[in-house]
Amino acid sequence: MWCVPESPLTGQGKMCMKNKAEEVDIEDYRLDLENRIRNLLWTVSGDYSLEMKPDVSLFLRSKAIALYDGIKQGAIARYYDKDLLGLYLVKKIYLQAGEGELTAAAQLCIEEAIGEKLCEERPGVRMMQRQAFEDILDQEFEEMPAQDNLLGRLKIAVLRDRLSGGNHVTENRISQYRDIVYLARKAKDTMELIRIIDRLYNTVVDPWFEQRHGTLEQVMAVTLEELTEFGWEDYLSEEMYEEALENYVDKLTNRMTDLEDSGLTEEMEDKRKVKQKITVLPPEVLEKAHTYVELNYGKTYLTPSEEKRMNYLMCREIHSDCSLYFTEGILKNPVKHNYQYEYAKRLKNKNLWYYHDKHRIAKRNISNLTELLKKSLVLRSEIQEVLSDRGIIVPSRVWRVGRSQEANIFKRELKGDAADFVVDVLIDASGSQMSRQGEVALQAYIISEALSNTDIPHRVMSYCTFWDYTILHRFREYDDDQEANQYIFNYVTSSNNRDGLAIKAAGHGLLGREEDKKILIVLSDGRPYDVIVNRPNAKNPAPYQGKYAVADTATEVRRLRNLGVSVLGVFAGEEKDLATEKKIFGKDFAYIRDIANFSKIVGRYLTKQLELDS
């Protein structure tokens, strides 16, 4: 048996559950666990009006983590203005900060700001805090994080230092970052704590943030109107979107006191769940969904009959409750100039700004990749002489007739064809790519420019999902002029991503081309995720996430390879998702740690494909 111990704060009795080795049914204990965590929150904060949704799934990981998180929720509400902290996080993310990285930085600083105060006031908390730290280290760091995972290394350094009583020695750079975190111990008010969090993020994660996106003063100056107008007013009522924004602020506010990796918790919760709840929407709402897609993603370039045919061919089996929507984007083909149009223009300008900031690197990459492709094409075009059973006789081989099985006594000239290649570039445009949007657009642009320079026909599209629509945004068609490459900077990220269906649809167009050698390059973060919204009376397949989604995406990649398409995955995500990327693309994937090396890595793969069978 394992038990939730008697609370050192409330004095309530203990509650026992099954042994960890056995399957634990959290649902049987959910109400009791939620009440226990809420009591801890209210006792520490002294405010019994505070609302919270306890994360009971944490008990699957560690009872110490689950209870300590509840205690910290109360402490942050007591010592600081948690609403102001949550609003700062949302505003910083609105100005392109990475949600995961910013939240991680905030969690470390908040722990330092309130952790020791809690233990001094309530000595019984210290043992729970220590166990929570040990459980986090044991569960999340079986191996030391990579050198470039600075936040992961910093988290280890902070926790180990706390466990060792301040005697943990670490590398100089991490030690300097840890000193910034420790400034939070003396934060007298909420704004001082926010300044420390902001400094840590700008130092460790994005040293160029202030130059590109704005100072802390500019972050805090973002208005509630700007946040609530985040492209929803043409479809959702103001009240509905304000509620959605409020929910997002609450989510970040609740997470900022956690120290554990929420991804690991979600993975354990997914394993526990036997059946996921899927939202089913009535027909009249789905009709509005199509109107919303058209308003916010631009008109479709397919006729109704073409769209119906594509949906019939592509949306089958696990995608049978989905729809495809083909567009050239809201900037190129808008229904009207609404807020989403202006928002897309602003993001396009940010993409262009990133391009101009990296102009020299981009130009060098384009030049290098172009030269690599040209050399391969020249080699492929060279005339080769091969032995054959017909052609021009070779006198020196006549003696082999009747004496050798290898009796080819003729030679023929073979000329390679440099013009039998076609390439598709498919870009993940889900919301998880928002923090690296400019970099992903630049990668696609570099590939497209090099392919244009060598006259290789290619198409560039992005994909994301909204409700049951997988939206394929075409930036350029196979035989467009080079000037069409500029539309790649119209790349905008939002919503979810159903990778398997997008790859299947892109592959369909590629397989319809006449060229012999077909190549598909997918720029993604290795995290297919689309919690499906079903039509009434639909089959209700499992939500598109986790192993289910990864397996489907990998199956589509293998299917295309079996049909003769060479598929390369270019990883544009977080290092923790590398293993998933490998499962999807196998050995043919590239991880771009530095944009300066982009042409080398991608060029190596493309030239290998060009030289194959030459």
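Notes on the structure follow. Starting from 1, residues in each chain are numbered consecutively following that chain's sequence as written. The model is predicted, so local features are restricted to residues of pLDDT at least 70 and side-chain atom pairs to those at 80 or more, both for listing and for counting; the totals for chains, interfaces and linings are taken over all residues. To obtain the side-chain values, all non-hydrogen atoms of the structure were used and water was disregarded.

## A short note on unusual backbone geometry
Keep this limit in mind: Numbering of helices and strands starts at the N terminus; helices are DSSP runs of H or I of at least 4 residues and strands are runs of E of at least 2. Burial classes follow relative accessibility: with a 1.4 Å probe on protein chains only, a residue under 20% of its type's maximum area counts as buried, one over 50% as exposed, and anything between as partly exposed.
Even without glycine at this site, E317 takes up a positive phi of about 55°. Relative to the helices and strands, E317 resides in the loop between α15 (304-314) and β3 (323-327). Positive phi outside glycine occurs at D455, with the angle close to 60°. Within the element layout of this structure, D455 appears in the loop between α18 (437-453) and β8 (458-466). When its relative accessible area of 71% is taken as the criterion, D455 is described as exposed.

## Remarks on empty space enclosed by the protein
For clarity, the cut-off: Using a grid of 1 Å spacing that covers the protein atoms alone, one calls a set of points a cavity when a 1.4 Å probe fits there but cannot get out, and a pocket when the set is open and has protein on both sides within 12 Å along at least five of seven lines; lining residues are those with an atom within 4 Å of a point. Grid points are joined across faces, edges and corners, and a volume is the space filled by probe spheres set on the points. In the scheme used here, Gly and all other residues not listed as nonpolar or charged are polar, with Ala, Val, Leu, Ile, Met, Phe, Trp, Tyr, Cys and Pro taken as nonpolar and Asp, Glu, Lys and Arg as charged.
Throughout the structure, instances matching the rule amount to three cavities of 30 Å³ or more. In this structure, the largest cavity spans a volume of roughly 190 Å³. Taken together, 17 residues form the lining of the largest cavity, with N296, Y297, H473, N490 and V492 sitting closest to its centre. Looking at side-chain class alone, the lining of the largest cavity contains eight nonpolar, seven polar and two charged residues.

## Digging into the pattern of salt bridges
Stated formally: The rule for a salt bridge is simple: a side-chain nitrogen of Lys or Arg has to be within 4 Å of a carboxyl oxygen of Asp or Glu.
Counted under the stated rule, the structure contains 22 salt bridges. The partner of E134 in a salt bridge is R130, with the nearest N and O atoms 3.6 Å apart. Here E134 and its partner R130 are both found in helix α5 (residues 124-140), four residues apart, which amounts to about one turn of the helix. Since its relative accessible area comes to 40%, R130 is described here as partly exposed. Across the salt bridge formed by K155 and E140, the nearest N and O atoms sit 3.0 Å from each other. Of this pair, K155 sits in helix α6 (residues 150-163) while E140 sits in helix α5, placing them 15 residues apart in sequence. Taking relative accessible area as the criterion, K155 reaches 11% and is therefore assigned buried. A single network of salt bridges, built from pairs that share partners, joins E111, E112, R162 and R185.

## Comments concerning the packing of aromatic side chains
Working definition: an aromatic ring pair is given by the centre-to-centre distance plus the angle between the planes. Here is the rule we go by: Two rings belonging to Phe, Tyr or Trp (six-membered ring only in the last case) form a pair when the distance between their centres is within 6.5 Å. Interplanar angles under 30 degrees mark stacking, angles over 60 mark edge-to-face geometry, and anything in between is tilted. For a ring to carry a charge above it, either NZ of a lysine or CZ of an arginine must fall within 6 Å of the ring centroid while also lying within 35 degrees of the normal to the ring plane.
Across all of its chains, the model carries ten aromatic pairs by this definition. Relative to F209, the ring of Y201 lies with its centre 5.9 Å away and its plane at 90°, an arrangement referred to as edge-to-face. You'll find Y201 and F209 in the same group, each marked buried. Both rings, one in Y355 and one in Y445, keep their centres 5.4 Å apart while their planes meet at 70°; by these two values the pair is edge-to-face. Here Y355, found in helix α16 (residues 339-357), pairs with Y445, found in helix α18; they are 90 residues apart in sequence, far enough to count as distant. Y445 carries the same exposure label as Y355, and that label is buried. Ring pairing ties together the aromatic residues Y355, Y445 and F489, which thus form one cluster. One cation-aromatic arrangement involves R316 over Y312; the distance from NZ or CZ to the ring centre is 4.5 Å.

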